[in-house]
Amino acid sequence: EVLESRDLQSVVKYIKSGKCKRIFVMLGAGVSTTAGIPDFRSPETGLYANLARLDLPYPEAVFEINFFRSNPVPFYALARELLPGHFRPTPTHSFVRLLADHGVLGICFTQNIDTLERLAGVPPNRIVEAHGSFATQHCIECGASYDNEKLRQHIKAGTVAYCERCHGLVKPDIVFFGEAMPMAFHRSIPLLQTADLLLVMGTSLTVHPFASLASMVPDRCPRVLMNLDAVGDFGCRSDDVICLGKTDDIVRDLCKELGWEEELNIAWKK
Ligand code: OAD
C-alpha cells in the first residue's frame, strides 16, 4: 500500500513526500452547490426533484436528445436557470487551482457545465469538460453553428432557437443522454494511467461513462472520495479513503494540513 492508513492525514503525508506528482480530479454538481447551483439528485434540493412544473415523463428526459427532438420547450425553460454567469467559484474550485499552481494537477475531469473551474483559474488545458458547456451551440440537424448572443436572447426570452440554414433545433453543446462524449474526454482517458492520486468530489458517480473513470486509475493509485454520501465502489481498494462531508470543509482541512491555508484564502477571494 502507498498510504500508511486510510485517512486524510496519510494523504497529506503522501502529497508532502514528493512521490505524488500527478493528481487527477473528478468533479460533479456537488462541488457547486455552495455556489448556489443545485445538484441533480439530492432528494429535496436537487434539480430532478424540482421539475414537476415542466411536465416531463421523468426528470432525466429534459437532458435526453430524443425527448429534446420531440419537445425542446422544457429544456429551453430550464436553460435560463442553468446559464452560467451569476455564480462564483467555491473554495473547492480554488483548491483545484492550487494543485495546478503547485505543479501537481494532472487533469481535472468535470461533469459540470457551470465553467467555475475556469473562473477559479484552473488552466484550460488541464480541464476536461466531459459534459460540454454553454460556450458554443449547434443545429442538431445540419450541424451549423449558431451565434452565442442570439442563443442567450432566446434562452432569456424562453423561446426556442431554430437554425438559420435548415430550421433544425439549436442546442447548446452540453452533452445530452444519448449523445457522444467530447473527443477531449476520450483523448484524456489514457493519461489516468499516470495518476499518483485521484480525488473524486461532489458526484453521485451514477452517470456513465464518466463514473467509470474512477476505476481506470492503476491499483497503486490511492483514491479519495469527498462527498456527502458514500458512492461508487469506494472502499473496495486497499488505498481508498472516504471523507464524508461538504467538499469545501474537507478541502479546507486538507489545505490546513498541507500548509496551503493562506494560499487557498487568497486564491478564493480573488
Ligand atoms: P448528482 O446530483 O447526481 O450528485 C451530486 C452528489 O454530490 C451527491 O452525491 C450529493 O450528495 C453530493 N453533494 C451535494 N452537495 C455537496 C457538498 N457541498 N459537498 C459534498 N458533496 C455534495 O450530480 P452529478 O454526479 O454531477 O448530466 O451528476 C452527473 C450527471 O447527471 C450530470 O453531469 C448531469 C446529470 O444528469 C447530464 O445532464 C448529461
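Residues numbered from 1 in each chain as written. Predicted model: local features only at pLDDT ≥ 70, side-chain atom pairs only at ≥ 80, totals over all residues. Heavy atoms only, no water.

- Labelled according to an unreviewed UniProt entry, the chain appears under the name Deacetylase sirtuin-type domain-containing protein, originating from Somion occarium.
- Under the Cofactor (unreviewed entry) heading, UniProt states for the chain: "Zn(2+)".
- The Sequence similarities (unreviewed entry) comment attached to the chain in UniProt states, word for word, "Belongs to the sirtuin family. Class I subfamily." (UniProt positions renumbered as here; feature names shortened; annotations may be inferred.)

**A look at the site of the ligand**
- Around the ligand, the structure places 24 residues, and the nearest of them are Phe40, Arg41, Tyr48, Thr203 and Ser204.
- Contact distances for the ligand include 2.5 Å between an oxygen atom and a side-chain N or O atom of Tyr48.
- Backbone polar atom of Gln111 to an oxygen atom of the ligand: 3.4 Å apart, as the coordinates give it.
- Contact with the protein chains covers 95% of the free accessible surface of the ligand, which is 790 Å².
- The residue inventory of the shell around the ligand, partitioned by class, reads 8 nonpolar, 12 polar and 4 charged. (Near = heavy atom within 4 Å. Polar contact = N/O pair within 3.5 Å; in protein donor to acceptor, adjacent residues only side chain to side chain. Areas by Shrake-Rupley, 256 points an atom, 1.4 Å probe, with all protein chains shown as cover. Nonpolar A, V, L, I, M, F, W, Y, C, P; charged D, E, K, R; others polar.)

**Here's the deal with the UniProt feature "active site" (unreviewed entry) in the chain**
- Using the residue numbers shown here, the UniProt feature "active site" (unreviewed entry) corresponds to His131.
- Its location among the elements puts His131 in the loop between strand E3 (127-129) and strand E4 (132-139).
- On the accessibility criterion, His131 (14% relative accessible area) is buried.
- His131 has contacts with Thr110, Gln111, Ile113, Asp173, Ile174, Val175, Met181, Val207 and Phe210, leaving out every residue within four places of it along the chain. (Helix = DSSP H or I, 4+ residues; strand = E, 2+ residues; numbered from the N terminus. Buried < 20%, exposed > 50% of the residue type's maximum accessible area, 1.4 Å probe, protein only. Contact = heavy atoms within 4.5 Å.)

**A short note on the packing of aromatic side chains**
- Using the criterion set out here, one finds 12 aromatic pairs in the structure.
- Ring geometry for Phe68 and Tyr76: centres 6.4 Å apart, planes at 20 degrees, overall stacked.
- Taking the relative accessible area as the measure of exposure, Phe68 reaches 1% and is therefore buried.
- Their ring planes at 65 degrees and their centres at 5.2 Å tell us that Phe75 and Phe176 sit as a pair that is edge-to-face. Taken together, the residues Phe75 in helix H3 (residues 73-82) and Phe176 in the loop between strand E5 (170-174) and helix H7 (183-188) connect sequence positions 101 residues apart.
- Relative accessible area serves as the criterion here: at 2%, Phe176 is assigned to the buried category.
- Ring pairing ties together the aromatic residues Phe40, Tyr48, Phe63, Phe68, Phe75, Tyr76 and Phe176, which thus form one cluster.
- A cation sits over an aromatic face here: Arg223 above Phe234, 4.6 Å from the ring centre. (Phe/Tyr/Trp six-rings, centres within 6.5 Å; stacked < 30°, edge-to-face > 60°. Lys NZ or Arg CZ within 6 Å of the ring centre and 35° of its normal.)

**Regarding the pattern of salt bridges**
- Tallied over the entire structure, the rule returns 12 salt bridges.
- Close ionic contact of Arg53 with Glu81 constitutes a salt bridge, the shortest N to O distance being 3.4 Å. Of this pair, Arg53 sits in the loop between strand E1 (23-27) and helix H2 (65-70) while Glu81 sits in helix H3, placing them 28 residues apart in sequence.
- Judged by its relative accessible area of 47%, Glu81 is partly exposed. (Salt bridge = Lys/Arg side-chain N within 4 Å of Asp/Glu carboxyl O.)

**Quick look at the state of the cysteines**
- The tally for this structure, following the rule as stated, stands at 0 disulfides.
- Cysteine Cys139 remains unbridged, with the sulfur of Cys166 as its closest cysteine sulfur at 3.6 Å.
- We note that Cys221 lacks a disulfide partner, and the nearest cysteine sulfur, in Cys20, lies 7.9 Å from it. (Disulfide = S-S within 2.5 Å.)

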